[in-house]
Amino acid sequence: PSLACSQPTAPVPPAAGAADSRTPLIAFLGIGWLATLVITSGSFLRSRRKLLIADQRLRRLAGGVSEGVLIHDRETLRDANQNLADMFGYEVEEILGQPVAQLSAPESREDLGNSLQSDDGLPFEITALRRDGSRFPIEMVPRLIRYNGSTVRVASVRDVPRRLTTEDALRTSE
C-alpha cells in the first residue's frame, strides 16, 4: 500500500467511559493543586482565627483592669486600653501609632526610653504628660510578650496620685 494516498485523520475523541491517557495526570494535578489550596486556606484561616481570638482575649483582659495598658515596639504605641487613653486625656485611636515618648514629660523621656528597653520587668516612675499639658507621676511595669506574631513590649501604667488616694481610702476604712 502506498503511503502517499493515505488521508490524514482527525484525532478521535475517546468513547464515552473510555479514559484519555492524560486524564489521570490532569486529574491528579488538578486535585493536588485544589487540595493544596484548601489545606493552605484552611491553615491560614485557622491561624487568622487564632490571632483574632488572642486579640479579643487580650482586649478583654486589658479592659478588665483598672490600670492603663499599652503595647509598643520600643518606640511606637501599637495598642492601648481605654483606661490609658482616659488617664492621658486622649481617645485610643488618637494615640495609636504615636511615639511612646509623647506620653512623658520632656525631662522623663530618657528615663522612659531606658526603662522601656529593659527586660527586667521592674516598676519605674516617671512624670507623665496629659494632652492638656498637665503633669502627673505614673508607675510603669514593662514586660515582653508575643502579640500578633511578633515580640513586643506591654506596660501596665498606674496613675500614682490615684493609687495613693485609693490606698489611703482603704487604710481609712479598716
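Rules behind the numbers
- Residues numbered from 1 in each chain as written.
- Predicted model: local features only at pLDDT ≥ 70, side-chain atom pairs only at ≥ 80, totals over all residues.
- Heavy atoms only, no water.
- Helix = DSSP H or I, 4+ residues; strand = E, 2+ residues; numbered from the N terminus.
- Buried < 20%, exposed > 50% of the residue type's maximum accessible area, 1.4 Å probe, protein only.
- Contact = heavy atoms within 4.5 Å.
- Pairing = 2+ DSSP bridges.
- Axes fitted to C-alpha atoms, helices over the stretch in contact; angles between N-to-C directions.

**Student:** Explanation requested: the overall build of the protein in the structure shown.
**Tutor:** A count of helical and extended segments in the protein gives five helices and five strands. Written out in order from the N terminus, the α and β elements of the protein read α-β-β-α-α-α-β-β-β-α. For the protein, the proportion of its 174 residues judged to be buried stands at 28%. Nonlocal contacts in the protein, meaning residues at least 24 apart in sequence, comprise 37% of its contacts between residues at least 6 apart.

**Student:** I tried to follow the pairing of strand E4 (residues 135–147) on my own but got confused; where do I start?
**Tutor:** Every regular strand shows the same layout, with side chains that alternate between the two sheet faces. Two elements, strand E3 (residues 124–129) and E4, share six bridges in a ladder whose sense is antiparallel. The residue bridging Glu125 from the neighbouring strand is Glu139, located in E4. Hairpin remark: E3 followed by E4, antiparallel, with five residues in the connecting loop; positive phi at Gly133, about 95°. As paired strands, E4 and strand E5 (residues 150–159) are joined by ten bridges and run antiparallel to one another. Residue Arg146 lies in a different strand from E5, and its bridge partner there is Thr151. Counting the residues between successive antiparallel strands, the hairpin from E4 to E5 contains two residues, one of them, Asn148, with a positive phi of roughly 50°.

**Student:** Which parts of the structure should I look at to understand the sheet that holds strand E1 (residues 68–72)?
**Tutor:** Backbone hydrogen bonds hold the strands of a sheet together, and the pairing may be parallel or antiparallel. The five strands lie next to each other as E2-E1-E5-E4-E3, forming an open sheet whose pairing is antiparallel. The strands lining the two open edges of the sheet, one partner per strand, are strand E2 (77–80) and E3. Averaged over all neighbouring strand pairs, the angle between strand axes comes to 35°, with direction disregarded. Here helix H4 (residues 109–117) sits on the sheet in contact with E1, E3, E4 and E5, set at roughly 130° to E3.

**Student:** I keep staring at the side chain of His72 and nothing clicks. Help me out?
**Tutor:** By the secondary structure assignment, His72 is in strand E1. With near-sequence residues (within four places) excluded, His72 lies in contact with Leu77, Arg78, Val100, Leu116, Val152 and Arg153.

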